[in-house]
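Listed here are the chains, written in short residue letters.
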Amino acid sequence: MKNKIQWLREVTGINDATPISRAHLPRMLAHLKWDDLNVLIYKCFGKQIICSIGNEWVGVDGKSLRGTLKSGEKQAIVHAVSHDSRIDVAQARMEGEKSSEITVVRDFIKETGLEKLRLTLDAHHCNPETTAQIEQAGGSYITQVKDNQPTLLAQCKELSKKTSMMSAENTTVTPGHGRIAKRHARLFPMTSLFLDQRWQKSGLSTLVVMHRETFDTSKQKTTMEESYYISNEDARSAEAGKGLADAVRKHWGVESNNWILDATFDEDALQVKDGNQSQVMGKLRSFAANVVRWSGAENFRAKIEEFIDLPETLISTLTQVNFL
């Protein structure tokens, strides 16, 4: 920052700006309130992004911040990531055990209006309060069913054996990272299923059974698994069925963003003493990742190096997204 101070003054127009030392930077960040920063970024960028999403699916998932040093202080950020653009459209912060993520997500999607859109969620959020909230708000959801809902999971497995499929089967093959994944989706109507009263307001309509066959090219080994997903969207047409199957597959984009935060921005490796500071840094890293995505880059590290070597490209990107 000290070496770039004159350039920073010119770019920001703050002619009397002074650099902060590395020793004082953590103290400054500790006093920066995450909620204030979140509101500022959301008003300037997030609200516009959410309004522009349209019919696109958005994946919601939490990510633990493992660099917090205080014993027992568990910090995390919940990310909402666009399936197609991979833009991190909004975040919420979370403290405590994983179970608290359920209520955090409910409040988060309500406050941001995401509950009115199309959301994919992991099995942690497969519960009638969350699905009913989205259904009653006019939104759509896809969520995985696992052992945390044993009765519903058993019903889904039984339904897939006894009921005729409602649309054409959908198969995709994806090579990458030394593996070849073949996914085969089958869709079934849930209208005939006798559901417990607590699921009645969730609008359950479609069961997606996803069979994955993964071939590890280095080990020459094939593994298979079958997963179950429920949705309130009607998928009787082949096009609608393909859309649901694609949404299940693309939910991994949230995990892909989490991997970038770790591999490119060293999120897990950067240790901090204060939980609020950890979340503030997480918020800033998410915004920085969005800036790289807005630049159209495919290789994050290469684009960051370009920003360092050619500051004018960074200025151009920040100007295009109305940051400057």
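The structure this text deals with has already been given above.
Report on the accompanying structure. These numbers come from a predicted model, not from an experiment.

Quick word on the packing of aromatic side chains
Move 1: Per the stated rule, a full pass over the model turns up 5 aromatic pairs.
Move 2: Consider the rings of Phe287 and Trp294, whose centres lie 5.9 Å apart with planes at 75°: the pair is edge-to-face.
Move 3: Looking at Phe287, the relative accessible area reads 13%, which means it is buried.
Move 4: Looking at Trp294, the relative accessible area reads 25%, which means it is partly exposed.
Move 5: Where Phe287 meets Phe323, the ring centres are 5.6 Å apart and the plane angle is 40°; that geometry is what we call tilted. Of this pair, Phe287 sits in helix H9 (residues 275-294) while Phe323 sits in the segment after helix H11 (311-320), placing them 36 residues apart in sequence.

Some words on the pattern of salt bridges
Close approach of charged atoms allows side chains of opposite charge to pair.
Move 1: This structure, assessed with the given rule, holds 15 salt bridges.
Move 2: One salt bridge connects Asp268 with Arg66, and the closest N-O pair in it is separated by 3.7 Å. Placement of the pair is Asp268 in the loop between helix H8 (252-263) and H9 and Arg66 in the loop between strand S1 (57-65) and strand S2 (75-82), with a sequence separation of 202 residues.
Move 3: Residue classification places Asp268 among the partly exposed positions, given a relative accessible area of 26%.
Move 4: The exposure class of Arg66 is exposed, given its relative accessible area of 62%.
Move 5: Arg236 serves as the salt-bridge partner of Asp234, at 2.6 Å between the closest nitrogen and oxygen.
Move 6: For Asp234, a relative accessible area of 36% puts it in the partly exposed group.
Move 7: Counted as one network, the salt bridges with shared partners bring together Lys63, Arg66, Asp262, Glu267, Asp268 and Arg285.

Describing helix H4 (residues 101-112)
Move 1: If you check H4, its first and last C-alpha atoms are 16 Å apart, about what 12 residues at 1.5 Å a residue would give, namely 16 Å.
Move 2: Within H4, the full set of buried residues consists of Glu101, Ile102, Val104, Val105, Arg106, Phe108, Ile109 and Thr112.
Move 3: Against helix H3 (34-53), S1, S2, strand S3 (88-95), strand S4 (118-121) and helix H5 (128-136) lie the buried residues of H4.

About the criteria used
- Residues numbered from 1 in each chain as written.
- Predicted model: local features only at pLDDT ≥ 70, side-chain atom pairs only at ≥ 80, totals over all residues.
- Heavy atoms only, no water.
- Phe/Tyr/Trp six-rings, centres within 6.5 Å; stacked < 30°, edge-to-face > 60°.
- Buried < 20%, exposed > 50% of the residue type's maximum accessible area, 1.4 Å probe, protein only.
- Helix = DSSP H or I, 4+ residues; strand = E, 2+ residues; numbered from the N terminus.
- Salt bridge = Lys/Arg side-chain N within 4 Å of Asp/Glu carboxyl O.
- Expected span 1.5 Å × (residues − 1).
- Contact = heavy atoms within 4.5 Å.

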